[in-house]
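Listed below, chain by chain, are the residues.
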Amino acid sequence: MDFFIKSGSPEKQRCACVVVGVYEMRRLSCAAKQLDKVSDGYLSTLLHQGNIEGKIGQILFLQQIKGVLSKRVLLIGCGKEHELNEASYQEIIKKTIQTLNENGTLEAICFLSELPIKERNNYWAIRQGIEKTKDTLYVFDKFKNKKNHKKQILRKLTFIITDRSQLKMANLAVAHGNAISLGIKTCKDLANLPANICTPLYLAEQAQQLANQYPKINTTILNNQALKELKMYSYLAVAQGSINSAYLALIHYEGTNKTQKPIVLIGKGITFDSGGLSLKRSSAMLGMKYDMAGAAAVLGTLQAIASLNLPINVIGILACAENMPASNAYRPGDILTTMSGQTVEVLDTDAEGRLVLCDVLTYAERFKPDCVIDIATLTGACISALGHNISALLTPHDGLAHQLLKASKQAVDKAWQLPMDDEYQKLLESSCADMTNLGGNAAGTITAACFLSRFTAKYTWAHLDIAGTACSPNDPSNGATGRPVALLTQFLINRSDYQP
Ligand code: BES
Ligand code: MN
Ligand code: ZN
């Protein structure tokens, strides 16, 4: 699907369909006013007759309007003029795309990008228009023999800018929108794969694929033996109960001078989380193929920045493993020695994410990172705290928190910071080791982050818990959201012209 930018008036577009907005109370948007004028008030007449009220998402297809070159015009309701905000804009775009696609429209010219949106500019409207379009048209039907052939008919969408002076801004919006959408699609496709196909090796190999596609990316894969030599005994303990052994994929993106410190992104890549011997009940186990969504998001983000050629150095690390019960699985009560030398008493083999991540966090020290961000479907408690639309951000570093929250706002990929005061650290005390892997019943998202923080003393670090946001709650098999690729890519876009 291709996106274009153009300026011009709506009646002069020669295209299968022109999309313009109408507001409630029979108010016309700028483009609709123009069509009304050339058609001697045809649109106002329709509005007065009550054919469309202008409520959000209402639609009306018009054909062969006098003075209009396009065969069809799609009127779309935009709600109250002064209330148009980012959420309603997204809803309007979604409805528009569904309508165009269902009606078999091949190409359209969209005047919605001109609408004034509360606290947002035209750059945002175009970029979000692209991201929402791709999101709306996404299907995961790789394994269906009988594909729905009507699935994507819309091939070309042009967004309108009011004048040529906006062209540079609009082209940037298209570049960013395309790159982020590409990263999101990669992330969704990978996260939606079932665990019998997406094994730790398969996941790591996707990082290799990325290196084949982009010249600035180099990938190295570490196997079981290499992880042993590094003394990643905590990571390996999680993997030992599975026939599919662990792999660590290192994705180096070198977008600028080697002297610039890299930003390291670490993704939890548990391709299936059965809980291990602390086995999950079956309803909780369903959906645990998504426990590698953090790794998928890191991969998608690397793809997005590589396709943008961002002048920045980034290292993506995918920590791939499977958490299974077996006679050789690690057990509750086991004491593990992490790569850092700190020991952990395992109280629950289902708290495996932190055991994998802690060794990778130690490993990240060797890159002398500018900062490290880990992304993980880490705790069910995160869903209790924030639900399915907001990711949790935990970090002791206010500067980094500020930058990530700013990126989150810009990219409309919501995140909320949770506290990680020292008092929570006490909940990890163990009588026989340096810490336990379980913080008790309270504040599970915070105690998990506190556990990770013990391995991050040497650099600036933040943790994103995406347990609630990585997949949609209503669709256990097809519901990957591609989050937080948009947030992370935005953060890296900002950092790439960041002058401290
Ligand atoms: N992968 C899960 C967290 C999770 C739960 C993600 C639900 C998405 C949806 C994680 O490994 C886990 O099992 N966490 C435990 C931790 C507990 C044993 C301390 C949990 O949240 O129950
Ligand atoms: Mn678990
Ligand atoms: Zn898990």
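Residues numbered from 1 in each chain as written. Chains lettered and ligands numbered in written order. Predicted model: local features only at pLDDT ≥ 70, side-chain atom pairs only at ≥ 80, totals over all residues. Heavy atoms only, no water.

**Things to note about the nonpolar core**
Phase 1: With 63 residues, the main nonpolar core has Tyr253, Leu265, Leu302, Leu318, Phe491 and Leu492 as its most contacted residues.
Phase 2: Looking at this core element by element, the count peaks at 10 residues for helix 10 (residues 293–308).
Phase 3: Ignoring sequence-local partners within four residues, the contact set of leucine 318 consists of Leu203, Ala207, Tyr247, Leu248, Ala249, Ile251, Gly267, Ala295, Val298 and Leu299. (Core = buried A, V, L, I, M, F, W, Y, C linked by side-chain atoms within 4.5 Å. Buried < 20%, exposed > 50% of the residue type's maximum accessible area, 1.4 Å probe, protein only. Helix = DSSP H or I, 4+ residues; strand = E, 2+ residues; numbered from the N terminus. Contact = heavy atoms within 4.5 Å.)

**Some points on the coordination of the zinc ion (ligand 3)**
Phase 1: Of the protein atoms, only Lys268 (NZ), Asp273 (OD), Asp291 (OD) and Glu352 (OE) coordinate the zinc ion (ligand 3), at distances of 2.0 to 2.4 Å.
Phase 2: One way to put it: the six donor atoms around the zinc ion (ligand 3) meet at angles of 78 to 175 degrees, and that makes the site octahedral.
Phase 3: In the primary structure, the donors to the zinc ion (ligand 3) are separated according to the pattern K-x4-D-x17-D-x60-E.
Phase 4: Metal-to-metal, the separation of the zinc ion (ligand 3) and the manganese ion (ligand 2) is 3.2 Å; aspartate 273 coordinates the two. A residue pair is termed long-range when its members are at least 10 positions apart, and aspartate 291 in the loop between helix 9 (282–285) and helix 10 and glutamate 352 in the loop between strand 13 (343–345) and helix 11 (353–363) qualify at 61 residues. Pair check on accessibility: aspartate 291 and glutamate 352 agree, each one buried. (Donors = N, O, S within 2.8 Å, 3.2 Å for Na, K, Ca; no water. Tetrahedral: all angles 85-135°; square planar, octahedral: opposite > 155°, others 65-115°.)

**Brief notes about the packing of aromatic side chains**
Phase 1: Scanning the model with the defined rule gives five aromatic pairs in all.
Phase 2: Ring geometry for phenylalanine 3 against phenylalanine 159: centres 6.3 Å apart, planes inclined by 15 degrees, an arrangement best described as stacked. Within this pair, whereas phenylalanine 3 is found in strand 1 (residues 2–7), its partner phenylalanine 159 is found in strand 7 (residues 156–161), the two being separated by 156 residues in sequence. Summarising the burial analysis for this pair, phenylalanine 3 and phenylalanine 159 share the class buried.
Phase 3: A centroid spacing of 5.5 Å and a plane angle of 40 degrees characterise the contact between phenylalanine 451 and phenylalanine 455, whose relative ring orientation is tilted.
Phase 4: When its relative accessible area of 2% is taken as the criterion, phenylalanine 455 is described as buried.
Phase 5: The side chain of lysine 156 reaches across the aromatic face of phenylalanine 4, ending 5.1 Å from its centre. (Phe/Tyr/Trp six-rings, centres within 6.5 Å; stacked < 30°, edge-to-face > 60°. Lys NZ or Arg CZ within 6 Å of the ring centre and 35° of its normal.)

**Observations regarding the pattern of salt bridges**
Should the charged atoms of two oppositely charged side chains come close, the side chains can pair.
Phase 1: Per the stated rule, a full pass over the model turns up 19 salt bridges.
Phase 2: With a closest N to O distance of 3.6 Å, lysine 156 and glutamate 107 form a salt bridge. Placement of lysine 156 in strand 7 and of glutamate 107 in strand 6 (residues 107–110) is noted, with a sequence separation of 49 residues between them.
Phase 3: Aspartate 370 serves as the salt-bridge partner of arginine 495, at 2.6 Å between the closest nitrogen and oxygen. Separated by 125 residues along the polypeptide, arginine 495 in helix 15 (residues 485–496) and aspartate 370 in the loop between helix 11 and strand 14 (371–376) bring together distant segments of the chain. (Salt bridge = Lys/Arg side-chain N within 4 Å of Asp/Glu carboxyl O.)

**As for helix 10**
Phase 1: Spanning 16 residues, helix 10 covers 22 Å between terminal C-alpha atoms, matching the ideal 22 Å at 1.5 Å per step.
Phase 2: Extensive coverage of helix 10 is indicated by the burial of 15 of its 16 residues.
Phase 3: Of the residues flanking the end of helix 10, it is asparagine 309, one or two places downstream, whose phi is positive at about 60 degrees. (Expected span 1.5 Å × (residues − 1).)

**Quick look at the layout of surface pockets**
Phase 1: Each pocket or cavity is described by its volume, and for the largest pocket that value is around 1,400 Å³.
Phase 2: Glu131, Lys132, Asp135, Thr136 and Lys188 are the residues nearest the centre of the largest pocket, which is lined by 40 residues in total.
Phase 3: For the lining of the largest pocket, the secondary-structure elements that each account for two or more residues are helix 3 (86–102), helix 4 (122–137) and helix 5 (167–192).
Phase 4: Looking at the lining of the largest pocket, the element that brings in the most residues is helix 3, giving eight residues.
Phase 5: Looking at the lining of the largest pocket, its residues break down into 11 nonpolar, 13 polar and 16 charged.
Phase 6: Each of domain 1 (2–162) and domain 2 (181–495) contributes no fewer than three residues to the lining of the largest pocket.
Phase 7: Considered as a void within the structure, the second largest pocket measures approximately 960 Å³ in volume. (1 Å grid on protein atoms, 1.4 Å probe; cavity = no way out; pocket = protein on both sides within 12 Å on 5 of 7 lines; lining within 4 Å. Points joined across faces, edges and corners; volume = space filled by probe spheres on them. Nonpolar A, V, L, I, M, F, W, Y, C, P; charged D, E, K, R; others polar. Domains from an automatic or database assignment.)

**Concerning the sheet that holds strand 16 (residues 415–417)**
Phase 1: Ordered by their spatial adjacency, eight strands build an open sheet running 8-9-11-10-14-18-15-16, and the pairing between neighbours is mixed. Either end of the sheet is taken by a strand with one partner, and the two such strands are strand 8 (217–222) and strand 16. On average, adjacent strands in this sheet sit at an angle of 20 degrees to one another, irrespective of strand direction.
Phase 2: Pairing between strand 8 and strand 9 (residues 247–254): six bridges, direction antiparallel. From the neighbouring strand, threonine 219 faces strand 9, where its bridge partner is isoleucine 251. (Pairing = 2+ DSSP bridges. Axes fitted to C-alpha atoms, helices over the stretch in contact; angles between N-to-C directions.)

**Some words on the domain arrangement of the chain**
Phase 1: Segmentation of the chain into domains returns domain 1 (2–162) and domain 2 (181–495).
Phase 2: Computed from C-alpha coordinates alone, the two centres of domain 1 and domain 2 are separated by 39 Å.
Phase 3: Tallying the contact residues gives 14 residues for domain 1 and 17 residues for domain 2.
Phase 4: For domain 1, the biggest contributors to the area lost against domain 2 are Arg127, Tyr138 and Phe140; these three give 46% of the whole.
Phase 5: Taken together, the connections running from domain 1 to domain 2 amount to one salt bridge.
Phase 6: Taking the shortest distance from any N to any O, the salt bridge between lysine 188 and aspartate 135 comes out at 2.7 Å.
Phase 7: Where domain 1 meets domain 2, there are five residue pairs in polar contact (both at pLDDT 80 or more).
Phase 8: Counting residues per element, the side of domain 1 that touches domain 2 draws most heavily on helix 4, at seven residues.
Phase 9: Looking at the side of domain 1 that touches domain 2, its residues break down into five nonpolar, two polar and seven charged. (Buried area = accessible area lost by both parts, 1.4 Å probe. Polar contact = N/O pair within 3.5 Å; in protein donor to acceptor, adjacent residues only side chain to side chain.)

**Regarding the coordination of the manganese ion (ligand 2)**
Phase 1: The coordination sphere of the manganese ion (ligand 2) contains the protein donors Asp273 (OD), Asp350 (O), Asp350 (OD) and Glu352 (OE), at a distance range of 2.0 to 2.2 Å.
Phase 2: Coordination at the manganese ion (ligand 2) is irregular: its six donor atoms span angles of 71 to 170 degrees at the metal.
Phase 3: Donor residues for the manganese ion (ligand 2), ordered by position in the chain, follow D-x76-D-x1-E.
Phase 4: Given a relative accessible area of 0%, glutamate 352 falls into the buried group.

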